[in-house]
Amino acid sequence: MSLPHPNLALSAILAGLLVAVPVVEAEAAQPPDDDPGPGELEGDDDDDNDDNDDNDDDNDASRPPPVEDKPPPPPGTWGVGGTEEEGKYAPGGKTGKLKELEDEEEEDRARLDTPPELPPPGFAFLDTTIGFGSMVIVAQPTGSTTIEPTASFLIGIGYRIGDEWEISARFPISTGESNGPIEPFVEDARNPDAYTQIATGGLELAVKPHFILSRDMRLPIGLALVFPTASGDMYPNIDSRADLGKAIVNKAASASRGWEERALFAHQRMSIVPSGGVLWSTSAGPGMLNLGADLKLELMFDTGANDPVDRDGDGNPDSEVDETAPKDEVHSTAINVVVATEVFYGLFDGLLSPGFRLWLAGGTAEESLSVVGSGGGGFDPGGVQFVFEPGIHSHVGFTEGNGFGMDFRLGYMIPMGGELGGDNVPNAAVGGLKLGAGFFF
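Here the structure is a predicted model, which is why all the values come from computation and not from measurement.

Asker: Just checking my understanding: could you explain the pairing of strand β7 (residues 269–284) for this structure?
Answerer: Taken residue by residue, a regular strand's side chains alternate between the two faces of the sheet. Two elements, strand β6 (residues 217–227) and β7, share eight bridges in a ladder whose sense is antiparallel. Directly across from methionine 217, in β7, lies its bridge partner tryptophan 280. Count of turn residues in the β7/strand β8 (residues 287–302) antiparallel hairpin: two residues, of which glycine 285 carries a positive phi of about 65°.

Asker: Whenever I open this one, the pairing of strand β15 (residues 405–418) confuses me. Can you help?
Answerer: Bridging between strand β14 (residues 383–397) and β15 involves eleven bridges; their strand directions are antiparallel. Bridge pairing in β15 links glycine 391 to glycine 411.

Asker: I keep staring at the packing of aromatic side chains and nothing clicks. Help me out?
Answerer: Both the distance between ring centres and the angle between the ring planes are used here to describe each pair of aromatic rings. For the coordinates displayed, the defined rule picks out four aromatic pairs. With 6.3 Å between their ring centres and 20° between their planes, phenylalanine 123 and phenylalanine 125 make a pair best called stacked. For phenylalanine 123, a relative accessible area of 22% corresponds to the partly exposed category. The interplanar angle of 10° and the centroid separation of 6.0 Å between the aromatic rings of phenylalanine 404 and phenylalanine 439 together place this pair among those described as stacked. Pair noted here: phenylalanine 404 is in the loop between β14 and β15 and phenylalanine 439 is in strand β16 (residues 430–440), with a separation of 35 residues, a long-range link.

Asker: Help me understand the side chain of serine 394 in this model?
Answerer: Tracing the backbone shows serine 394 in strand β14. Only 2.7 Å separates the side chain of serine 394 from the backbone oxygen of leucine 351, close enough to count as a polar contact. Excluding residues within four positions of it along the chain, serine 394 makes contact with Gly350, Leu351, Met406, Asp407 and Phe408.

Asker: How do you make sense of unusual backbone geometry when you look at a structure like this?
Answerer: A negative phi angle is the norm for most residues apart from glycine, just as the trans form is the norm for most peptide bonds. In the Ramachandran plot, aspartate 349 falls in the positive-phi region, its phi being about 60° despite a non-glycine side chain. Structurally, the position occupied by aspartate 349 is in the loop between β10 (333–346) and β11 (353–363). Positive phi outside glycine occurs at asparagine 402, with the angle close to 55°. Secondary-structure assignment places asparagine 402 in the loop between β14 and β15. Using a relative accessible area of 34% as the deciding quantity, one classes asparagine 402 as partly exposed.

Asker: Looking at this structure, how should I read the environment of glycine 383?
Answerer: By the element assignment, glycine 383 lies in strand β14. A sequence separation of 21 residues divides glycine 383 from glycine 362, and the C-alpha atoms of the two residues are 5.4 Å apart. Not counting chain neighbours up to four residues away, the residues in contact with glycine 383 comprise Ala361, Gly362, Gly363, Glu419 and Leu420.

Asker: Before we go on, may I ask you to explain the nonpolar core in this structure?
Answerer: Inside soluble globular proteins, nonpolar side chains tend to come together where they are buried. In this structure, Met135, Met234, Trp259, Trp359 and Ala361 are the most contacted members of the largest nonpolar core, which totals 24 residues. When contributions to this core are tallied by element, the ones reaching two or more residues are β1 (122–137), α5 (242–256), β10 and β11. Counting residues per element, this core draws most heavily on α5, at five residues. Beyond its immediate chain neighbours, meaning those up to four positions away, tryptophan 359 contacts Arg257, Gly258, Glu260, Val338, Val339, Ala340, Gln385, Phe386, Val387, Glu389 and Met413. One finds Val226, Ala263, Leu264 and Ala266 within the second-largest nonpolar core, a separate group that totals twelve residues.

Asker: Would you take a moment to explain α5 for this structure?
Answerer: Side chains three or four residues apart in an α-helix point the same way, a direct result of the helix having 3.6 residues per turn. The end-to-end C-alpha separation of α5 is 21 Å, in line with the 21 Å expected for 15 residues at 1.5 Å each. Where burial is concerned, most of α5 is hidden: twelve out of the 15 residues are buried. Of all the residues in α5, the buried ones are Leu244, Gly245, Ala247, Ile248, Val249, Asn250, Lys251, Ala252, Ala253, Ser254, Ala255 and Ser256. Positive phi appears at glycine 258, one or two residues downstream of α5, with a value of about 70°.

Scoring rules and cut-offs
Residues numbered from 1 in each chain as written. Predicted model: local features only at pLDDT ≥ 70, side-chain atom pairs only at ≥ 80, totals over all residues. Heavy atoms only, no water. Pairing = 2+ DSSP bridges. Helix = DSSP H or I, 4+ residues; strand = E, 2+ residues; numbered from the N terminus. Phe/Tyr/Trp six-rings, centres within 6.5 Å; stacked < 30°, edge-to-face > 60°. Buried < 20%, exposed > 50% of the residue type's maximum accessible area, 1.4 Å probe, protein only. Polar contact = N/O pair within 3.5 Å; in protein donor to acceptor, adjacent residues only side chain to side chain. Contact = heavy atoms within 4.5 Å. Core = buried A, V, L, I, M, F, W, Y, C linked by side-chain atoms within 4.5 Å. Expected span 1.5 Å × (residues − 1).

In structure tokens form, the structure reads like this:
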């Protein structure tokens, strides 16, 4: 019989399906294992495809919806062109020492391109000099005249118009005691060549433009007129002997200032004083180095000094009869040339500036004494004088920006050599202590 065989086969298939379905459902209900199995280590294409499908689903969920077509944003807006600012890590130029040198060069160029820092335009000062020593006076030629001492007060005021033009005025007043070489004829009698007097000097009006060559360099060129207001006369009238003492005071004041300001103290003289120089300042270390040089010419013209005295007593003022007698002479024109230089180093914004001045003064005398004929000789207090003056300056500002304050100066004038004023006589020389103070505004 053939029918039972198909029934057996069909029954076996149905039985297998009945067993497989519960097993598949049980496996599906179990959670996945933490540790991968051998099949998962080797990789399963079906699992990979499932994972990719899952990732694609996640990406599709997080991806923004498509943007509708819009016109492009204008240039320069965020995300479209524009200039990106340099950030912290942007590439730079020179670094290190080269960068420092480059910055210093740029600062120097910028400083030179800017205008110079000018001082406040106004100033007023009092310059005091106290002189010690001895000199030779033409009216007392037999020896030296002692100065014990002489005080000279120089009052000055000035103002700068704009950046260049400076106008100023100066006027000196001096006082002192002098004792000539003649001794009293009788003990306890009056000394005939000893004087104690007060004398005024010449009034000076000056204009001095400071031409600016660069930020660090200026060129001052000046012209001054000194009017004949200086008191005294080397050959006074018999009833005006005090005028000789005043003339000696002015001579001593000029000597105590190293013969640098002869025109201010020249009695009975009208003077014209042209001058020129250069001023240069530059930073050096912690301070400022200030250098200056100056050339001045003093032309002093006689305006009516008395004629020389009659030394031989014959009634003729110039000793016309006895040509061997001393002959005094008042020169119609006297000159004085001054070449000066100065070096000062300013610290703490000018609060302390040590340094020195150095100058050479030389020229002809206002009066001289000569002996003609066989006697020869004579005395001419002209010539040159070399002077050194160490000192300290101080510039103190009282307001913000230093628009108002005071200047102080201290120095000592030391004659280093020469014969101007009678240094050809042994031990005849005058030194001077210089004190100055003034306001700037």
